[in-house]
Amino acid sequence: MGRPSNNPDKLPFQKRREELRLSREQAVREMPGMTYDRLEGIENRRIAATPDDILMLADRYNDPSLCNAYCSGQCRIGQRYVPEVQVGELPSIVLGMIATLNNVGAMRDRLIAIAADGIIDDEEREDFAAIQDQLEELSIAVEALQLWVEKTLGKD
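Along each chain, residue indices are assigned from 1 in the same order as the chain's sequence is written. For this predicted model, a pLDDT threshold of at least 70 governs which residues receive local features, and a threshold of 80 or more governs which side-chain atom pairs are given and counted, while totals over whole chains, interfaces and linings are taken from all residues. To get the side-chain values, take all heavy atoms of the structure and skip hydrogens and water.

Let's shift gears to the side chain of asparagine 68. You can see asparagine 68 is positioned in helix H5 (residues 65-73). Remark: exposure states derive from per-residue accessible area (1.4 Å probe, protein chains only) relative to the maximum for the residue type, with buried under 20%, exposed over 50%, and partly exposed in between. Taking the relative accessible area as the measure of exposure, asparagine 68 reaches 8% and is therefore buried. Among all residues touching asparagine 68, those that are not within four sequence positions of it are Gly73, Val82, Pro83, Glu84, Val85 and Leu147. The helix count covers DSSP runs of H or I at least four residues long, the strand count covers runs of E at least two residues long, and both are numbered beginning at the N terminus. Whether two residues are in contact is decided by their heavy atoms, any of which lying within 4.5 Å being enough.

Here it is as structure tokens:
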């Protein structure tokens, strides 16, 4: 591999390629339609990556979290609606998920109380927002687990 870039602001795609110790030449060999110049342009932000580019890179580097990084960080729609998911080690993912799941019963009961009259009044807004935040945490934990499984065990 050529020497890794010393750019401190690397995109996740370049970081992953360098972690795998692949040169750009090596990386593009197994990506039909991707050229050295295109990959170099994407990594240096001169060329906007397309969703197809990102899927190709995620498959080539066996790292589905690159799709999340693109959607949450570069896609304008994703920046609004897709939370960034950090894929850690399995024990921390599972423990985080269980911590949130331990609150599901209380969240359910409070949601029922809030929704019973069909109105979220001022006294209920804070609780509703807290429940929404906890559900978002659970959603992120589930996504992290899905990405971990896909990366570690492969696609089905």
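What follows covers the packing of helix H7 (residues 90-101) against helix H9 (residues 122-153). Axis definition: a line fitted to C-alpha atoms, limited for helices to the stretch in contact. Angles are taken between N-to-C directions and run from 0 to 180 degrees. Packing of H7 against H9 brings their axes to within 9 Å, and their N-to-C directions diverge by 150°. In terms of axis orientation, H7 runs roughly antiparallel to H9. Along this stretch, H7 crosses H9, giving a crossing that reads as left-handed. Across the interface between the two elements, Leu90, Ile93, Met97, Thr100 and Leu101 of H7 pack against Gln134, Glu137, Leu138, Ala141, Val142, Ala144, Leu145 and Trp148 of H9. Note on residue classes: Ala, Val, Leu, Ile, Met, Phe, Trp, Tyr, Cys and Pro are nonpolar, Asp, Glu, Lys and Arg are charged, and everything else, Gly too, is polar. By residue class, the composition of the contact of H7 with H9 is 10 nonpolar, 2 polar and 1 charged. An angle below 35 degrees is treated as roughly parallel, one above 145 as roughly antiparallel, one from 65 to 115 as roughly perpendicular, and anything else as oblique. Each crossing gets its hand from how the near helix is turned against the far one by less than a right angle, where anticlockwise is left-handed and clockwise is right-handed.

What sets the pattern is the α-helix's 3.6 residues per turn: residues three or four places apart point alike. Among all positions in H5, only Ser65, Leu66, Asn68, Tyr70 and Ser72 are buried. Buried residues along H5 sit against helix H1 (12-19), helix H4 (51-60), helix H6 (76-81) and H9.

This brings us to the pattern of salt bridges. Here, a salt bridge means any Lys or Arg side-chain nitrogen found within 4 Å of an Asp or Glu carboxyl oxygen. Under the definition given, this model contains 14 salt bridges. Measuring nitrogen to oxygen at the nearest pair gives 2.7 Å for the salt bridge that ties arginine 17 to glutamate 43. Pair noted here: arginine 17 is in helix H1 and glutamate 43 is in helix H3 (residues 36-43), with a separation of 26 residues, a long-range link. Both residues of the pair, arginine 17 and glutamate 43, belong to the buried class. Each of Lys10, Arg17, Glu18, Arg24 and Glu43 takes part in one network of salt bridges that share partners.

Turning our attention to the nonpolar core. Phe13, Met31, Met34, Leu39, Ile54, Leu57 and Tyr61 are the most contacted members of the largest nonpolar core, which totals 16 residues. Of all the elements, H4 adds the most residues to this core, at 3 residues. Beyond its immediate stretch of four places on either side in the chain, methionine 31 contacts Leu39, Met56, Leu57, Arg60 and Tyr61. What is meant by a nonpolar core is a set of buried Ala, Val, Leu, Ile, Met, Phe, Trp, Tyr and Cys residues, joined one to another through side-chain atoms within 4.5 Å. The next biggest cluster of nonpolar side chains, apart from the first, holds 5 residues, and it includes Ile93, Ala144, Leu147 and Trp148.

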